[in-house]
Amino acid sequence: MLVCRHKLGERNTTRISKNGLQLPGAASHGVCFRMYTEDEARKIGVVGWVKNTSKGTVTGQVQGPEEKVNSMKSWLSKVGSPSSRIDRTNFSNEKSISKLEYSNFSIRY
């Protein structure tokens, strides 16, 4: 599950896109997927976290301005790490929050 949180309009109103990212059947282990995801998130300017699951999928959370979150979702769906294979992505669970919950992007274990 990838939870994407993005900023809406003025007054620091933030929208969370709980976009459950599942990469079923994707080759995400041993291809530095988390490292490349962390690097791309920092380049794009979003915060949150990412980790591998025991099922070989990736889960995480992304927060930031809507256009940046959409850029991250596109990268996760189409690019990933150079050696990864992304068969399918699944984003779900969107809602709003009043402020960002993270100050950076990190890898969780």
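The protein chain is annotated in an unreviewed UniProt entry as acylphosphatase from Vicugna pacos. Looking at the protein chain in UniProt, the text filed under Catalytic activity (unreviewed entry) is "an acyl phosphate + H2O = a carboxylate + phosphate + H(+)". UniProt, in its Sequence similarities (unreviewed entry) section for the protein chain, records the words "Belongs to the acylphosphatase family."

Q: Account for the overall build of the protein chain, with residues named and values stated.
A: For the protein chain, the helix and strand inventory stands at two helices and six strands. Listing each helix as α and each strand as β along the protein chain from the N terminus yields β-β-α-β-β-α-β-β. The buried share of the protein chain, taken over its 109 residues, is 44%. Intrachain contacts of the protein chain at a sequence separation of at least 6 include 69% that bridge at least 24 residues. Just so you have it, the protein chain exposes about 5,900 Å², and 45% of that area is on carbon and sulfur atoms.

Q: Residue-level account of the environment of Arg-34, with values.
A: In this structure, Arg-34 sits in helix H1 (residues 33-44). As for Arg-34 and Arg-108, which are separated by 74 residues in sequence, their C-alpha atoms are 8.7 Å apart. Residue contacts for Arg-34: discarding those within four places in its chain leaves Val-50, Lys-51, Asn-52, Ile-107, Arg-108 and Tyr-109.

Q: Tell me about the packing of aromatic side chains, residues and numbers included.
A: All told, the structure shown has one aromatic pair when counted by the stated rule. On the numbers, 6.3 Å between centres and 40° between planes, the contact of Phe-33 with Trp-75 is tilted. Residue Phe-33 is located in helix H1, and its partner Trp-75 is located in helix H2 (residues 66-78); the two are separated by 42 residues in the primary sequence. Using a relative accessible area of 1% as the deciding quantity, one classes Phe-33 as buried.

What counts as what
- Residues numbered from 1 in each chain as written.
- Predicted model: local features only at pLDDT ≥ 70, side-chain atom pairs only at ≥ 80, totals over all residues.
- Heavy atoms only, no water.
- UniProt positions renumbered as here; feature names shortened; annotations may be inferred.
- Helix = DSSP H or I, 4+ residues; strand = E, 2+ residues; numbered from the N terminus.
- Buried < 20%, exposed > 50% of the residue type's maximum accessible area, 1.4 Å probe, protein only.
- Contact = heavy atoms within 4.5 Å.
- Areas by Shrake-Rupley, 256 points an atom, 1.4 Å probe, with all protein chains shown as cover.
- Phe/Tyr/Trp six-rings, centres within 6.5 Å; stacked < 30°, edge-to-face > 60°.

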